[in-house]
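The lines below spell out each chain.
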Amino acid sequence: MIYDVINNLTGSPVLSAVIVAMLPLFLFILPFALVAVYLERKVSAHMQDRLGPMRVGYHGVLQTIADIIKLIQKEDIIAKDNDKLLFNIAPVLVFVGSYAAFAAIPFTSIFIGAQIDLGIFLIIAVTGLVVAGILMAGWASNNKYSLLGAMRAVAQIISYEIPTILVVLSLVMMTGSMNLYTLSEMQTGYFWNWNLFGGNYDILQKLLLIPFMLIGFIIIYISTLAEVNRTPFDIPEAESELVSGFHTEYSGMKFAMFFLAEYANMFAVSAIVAALFLGGYQSPFGYLGNLIGAEWLVPIEQFLWFTIKGVGLVLVQMWLRWTLPRLRVDQLMTVSWKYLIPISFVNLIIIGLITIL
Amino acid sequence: MSFESKENIENKSGVRTEEMVLNMGPQHPSTHGVLRLEITLEGELITKITPHIGYLHRCFEKHAEAMTYPQVIPYTDRMDYLASMYNEIGYVIGVEKLLKIEVPERVEYIRVIMGELQRIASHLVALGTYGVDIGAFTPFLYCFRDREKILHLFEITCGARLLYNYIWIGGLSHDLHPDFVRLTREFIKDFKPNIKELNNLLSYNKIFIDRTANVGILPVDTAINYGVTGPNLRASGINWDLRKDDPYSVYHKFDYEIPVGEGKAGTVGDSWDRYYVRVCEMEESLKIIEQALDTLPDGDIASAIPKRIKPPAGMIYSRVENPRGELGYFIISDGTINPFRVKVRAPSFVSLQIMDELCRGHLVADVITILGSIDIVLGEIDRE
């Protein structure tokens, strides 16, 4: 594990823990957010017959950096009647919530921030912080749009956590592990060992499992879309109704924190879906490193596969965002409570029955 | 949006509840201009909506009294700024009737072509912004891409993209550009598949239908009582179009249908019908333009333009089917070079009044859906 490696190098457990905690931020989240914002702009632009950013750097590749510099320079506006303490804590809390989720995500077989047996449980728990942060932001802004947006966001995230958890539960039942590392390791080999294709059960059980795993995959993908407030579930920041929801009053770096958290969250949920269903960091067809006998190449390949899967799912999120209209609040709740939750419940029972066959 | 509490009201069960008044606009992204809606809510449900207008008031009608007849034309452009060509057509037809002049056939054909192109452009804005209201951003840009081509056609014809001053009393300011016919045919060829694309992307989208079908149903009798015209009336199932029912210009020479609401997605007269009637109307407008281009006569466009415009004393009401409904001009002449009075019957002004009827009993989120579906232009509402 990476922690042991760094611990051996530095000799100080505290220092190595800090380094391990900071690695995903600087090696992954920040570069990912930079790329994802650029991607989002380019993807939406090309879907809409536009060019998108073209001026800063080649085809606008430096646009996001220019935007970050602009955001850093901006005045930090706090309105007179804002609740200053909550107003300042909220973006940090939201960011912490989505950042902490990265601790239990296995990027490769040797890098996982916190290799604990309750990995997926930890992720679900810490992302709950995001809800508190959003509600704080909405309340402290002293703005009706913000409060409405925050209330909608909280209602939405909480209702969609239930189908997510039910699907996760069915996988935990199937594999007997809550550790994302173990889960990924179990899906090793070829792509037909992925949980989406029934994991490593016998052929008969696999064939029975595949349709239900597919249903579970679709449900968890829809629910995670809602949890990160992406279209068609972007009701909390519906710009035609609520200007931009809970972060209407934020500017400068605090706004950037929300923005960063949103993109980090997008990847976090995609990574969880990938780790649960699409084999995590496992390659779908063996490793080049093993083939040519270069063992050190394997983790790099694994990291690449993980990024490809995660970014692929993020791209689907973007594709949906720029294609679909937005649901109304009551319709959103209907989708969760009347369709997703009952279906995932039945799905859970059926998967349970098949696995004890 | 701002809250203010009204007097407490006691409901049947004896629980004291409060009616809430919510102000939407004038600075709100979805009010399609500077409109303020005073929404009275009981919980989530709307009990009353009062539109407040006048934020774009520019005294058009008073201005017209101080202008000579041709000078009024640029002012008509600024009423419904999304359908300027059609505003000009309505006014010019009225003055021509007062003057009793015959217009060359080529001029009439070009007016029809321009009017129908303008109808498509106006509907494209309506449909695109409606998508944005519902949360679909991409169709908006697709619509504006196609509108851009129409604006280009207008630009090569008269030099302006939005406010044209193109249709003159007795004629036109310029003849067609040599490339105009070819470019228009190209546009029609490109645009037909784009309507299909719009339908697949937005009109038949499940989420879009869920948001708009059975929302804001306008019954036929209500529509007639309020005097609603145009696509909003036709969506309620009535085949009433001044191009057919009170023909002006050369519309009687063309073969086209008047689409009416059929309630394909929900009930007749709901928001989806109002949206879809506009989509169908664009197809019909394309038919008219194609036929007009095929039979476009030659001639001098300036031959009937009078040297001195001084209509005899009298009054006239001229009405045309503008993209939003019946646009009427009531012009009184006292025999001088200035009109004595120009009164405009604006279709958006009438359509806005049905907001209260349509929104009662709906949720707050539906206000935006309904407001977008009746397609108002604030410049026209505040014209007086």
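My aim in this report is to walk through the structure given alongside it, one point at a time. Just so it is clear, the structure is predicted and the values come from calculations on it, not from any experiment. (Residues numbered from 1 in each chain as written. Chains lettered and ligands numbered in written order. Predicted model: local features only at pLDDT ≥ 70, side-chain atom pairs only at ≥ 80, totals over all residues.)

A word on the overall build of chain A
Working step 1: Within chain A, the regular secondary structure consists of 14 helices and zero strands.
Working step 2: Mapped from its N terminus to its C terminus, chain A presents α and β elements in the order α-α-α-α-α-α-α-α-α-α-α-α-α-α.
Working step 3: Here the C-alpha radius of gyration of chain A, 21 Å, is about what a compact globule of 357 residues would show, namely 21 Å.
Working step 4: Projected onto its principal axes, the C-alpha positions of chain A cover 65 × 50 × 45 Å.
Working step 5: Residues counted as buried form 47% of the 357 residues belonging to chain A. (Helix = DSSP H or I, 4+ residues; strand = E, 2+ residues; numbered from the N terminus. Rg over C-alpha atoms; globule rule 2.2 N^0.38 Å. Buried ≥ 20, exposed ≤ 12 C-beta atoms within 10 Å, placed from the backbone.)

Quick look at the interface of chain B and chain A
Quoted interface sizes are often the accessible area lost when the parts come together.
Working step 1: Each partner contributes to the interface: chain B provides 23 residues, whereas chain A provides 24 residues.
Working step 2: Only α4 (105–134), α5 (138–158), α7 (206–212) and α14 (364–374) of chain B provide two or more residues apiece to the side of chain B that touches chain A.
Working step 3: For the side of chain B that touches chain A, a count of residues per class yields 14 nonpolar, five polar and four charged. (Contact = placed C-beta atoms within 7 Å. Nonpolar A, V, L, I, M, F, W, Y, C, P; charged D, E, K, R; others polar.)

As for α14 of chain B
Working step 1: In terms of burial, α14 of chain B is a largely internal element, nine of the eleven residues being buried.
Working step 2: Looking at the residues trailing α14 of chain B, positive phi occurs at Asp375 of chain B, about 50 degrees.

Structural notes on the sheet that holds strand β8 (residues 325–333) of chain B
Residue and element names in this part refer to chain B.
Working step 1: The strand order across the open sheet formed by three strands is β7-β8-β9, and the pairing between neighbours is antiparallel. Only two strands of the sheet have a single partner each, and these edge strands are β7 (314–322) and β9 (339–345). Averaged over all adjacent pairs, the angle separating strand axes in this sheet is 15 degrees, with direction ignored.
Working step 2: Summarising the sheet, β7 and β8 pair through nine bridges and their orientation is antiparallel. If you follow Arg319 over to β8, its bridge partner there is Gly328.
Working step 3: The sheet strands contacting helix α3 (residues 84–99) are β7 and β8, and the helix crosses β7 at an angle near 150 degrees. (Pairing = 2+ DSSP bridges. Axes fitted to C-alpha atoms, helices over the stretch in contact; angles between N-to-C directions.)

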